[in-house]
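What follows is the residue order along each chain.
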Amino acid sequence: MRKYCDLHLKLENEKEIFEAARLIKEMGFKVVGLTFQPTTSIIKIKEFKKFFQEFNIDLVSRVDLKPKNKIELLSTLRKLRRKFEIISVECDSNKIAVIAARDRRVDLISFPLNFKAKFTHSIAHVLIGALEINLVDLIMPKTSRTVILNKFIHEAFIAKFNKVPIVISSGATNLFLIRAPREMAAISLLFKLEPLEALNSVSTIPLSIVERNRIKLSRFYIGEGIKIVE
């Protein structure tokens, strides 16, 4: 049975986050990623995880980085990699995009609608992580929907051509922007994804990233292909 995952909720109000747990369960999600502030304590994250477990939802902690330069990016990655299960980088320049793409500590990269940076073949070629496309940009557009749709079609084409994993997330900033998993997959068909690719982008692909990172964050992990066996 397919397990569905929305890897990007950007809810800030605690009451709304608690209401989201009930809604997400009804929609059929089993795993959900919630964006935390870099300064959020581990204890607070565990409290949220425990609450979501009551609804049989596996909560994944993530942090969204918007670095201004290489030094800021690398410094933040050193501080936060062991704290959060998912690290995403919004690339505001092609230089940042290349650095983030090559760094194994970065799980997801995305590109803002200001078009200061573009997902290119050269970036895709060195990308170790995955490309994330947030549907909120299309649902609540800040510019022409046609422009945004063409951007996503372009990004999806380059990702597929270079065999880069694509993660489709809601990027929801409130409850009304959360979409059911099959609805998310259906919307992503507009980006010229095949039906199976669309379903994988909201299930197997994000789940594999979470599972891989949890292994790396465990006390048994030493390095690539090396772990402690008790």
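To be clear, the structure that these remarks concern was listed above.
Parameters and conventions
Residues numbered from 1 in each chain as written. Predicted model: local features only at pLDDT ≥ 70, side-chain atom pairs only at ≥ 80, totals over all residues. Heavy atoms only, no water. Buried < 20%, exposed > 50% of the residue type's maximum accessible area, 1.4 Å probe, protein only. Helix = DSSP H or I, 4+ residues; strand = E, 2+ residues; numbered from the N terminus. Pairing = 2+ DSSP bridges. Right-handed = clockwise from strand over helix to strand, strands pointing away. Phe/Tyr/Trp six-rings, centres within 6.5 Å; stacked < 30°, edge-to-face > 60°. Contact = heavy atoms within 4.5 Å. Core = buried A, V, L, I, M, F, W, Y, C linked by side-chain atoms within 4.5 Å. Salt bridge = Lys/Arg side-chain N within 4 Å of Asp/Glu carboxyl O.

1. Focus: the pairing of strand β6 (residues 130-134)
- A large share of β6 lies buried, amounting to 5 of its 5 residues.
- Alternating positions in β6 separate into two faces, A130, E132 and N134 on one and L131 and I133 on the other, with burial throughout.
- Direction of pairing for strand β5 (residues 108-110) relative to β6: parallel, over a ladder of 2 bridges. Among the inter-strand pairings, L108 is bridged to a residue of β6, identified as A130.
- Between β5 and its parallel partner β6, the chain crosses via helix α5 (residues 121-126), and the hand of that crossover is right-handed.
- The sheet contact formed by β6 and strand β7 (residues 166-169) spans 4 bridges and is parallel. Residue I133 lies in a different strand from β7, and its bridge partner there is I168.

2. Side note on the packing of aromatic side chains
- Applying the stated criterion to the full structure yields 8 aromatic pairs.
- Ring pairs connect the aromatic residues F18, F36, F48, F51, F52 and F55, which therefore count as one cluster.

3. A look at helix α4 (residues 94-102)
- Those residues of α4 that fall on the buried side of the exposure criterion are I96, A97, I99, A100 and A101.
- At its buried positions, α4 is contacted by α3 (70-80), β4 (86-90), β5 and α5.

4. Let's talk about the nonpolar core
- Formed by 67 residues in total, the largest nonpolar core has its most connected members in F52, I109, F111, F119 and F191.
- Excluding residues within four positions of it along the chain, F52 makes contact with I17, A21, I24, V32, I57 and L59.
- Grouped together as the second largest cluster of nonpolar side chains are 11 residues, C5, L7, A130 and L207 included.

5. Concerning the pattern of salt bridges
- Using the criterion set out here, one finds 13 salt bridges in the structure.
- In this structure, the salt-bridge partner of R81 is D107, at a minimum N-O distance of 3.0 Å. You can see R81 sitting in the loop between α3 and β4 and its partner D107 sitting in the loop between α4 and β5, a full 26 residues away along the chain. For the residue pair R81 and D107, the accessibility class agrees, reading buried in each case.
- Among the charged side chains, a network of salt bridges with common partners joins K49, D58, E85 and R214.

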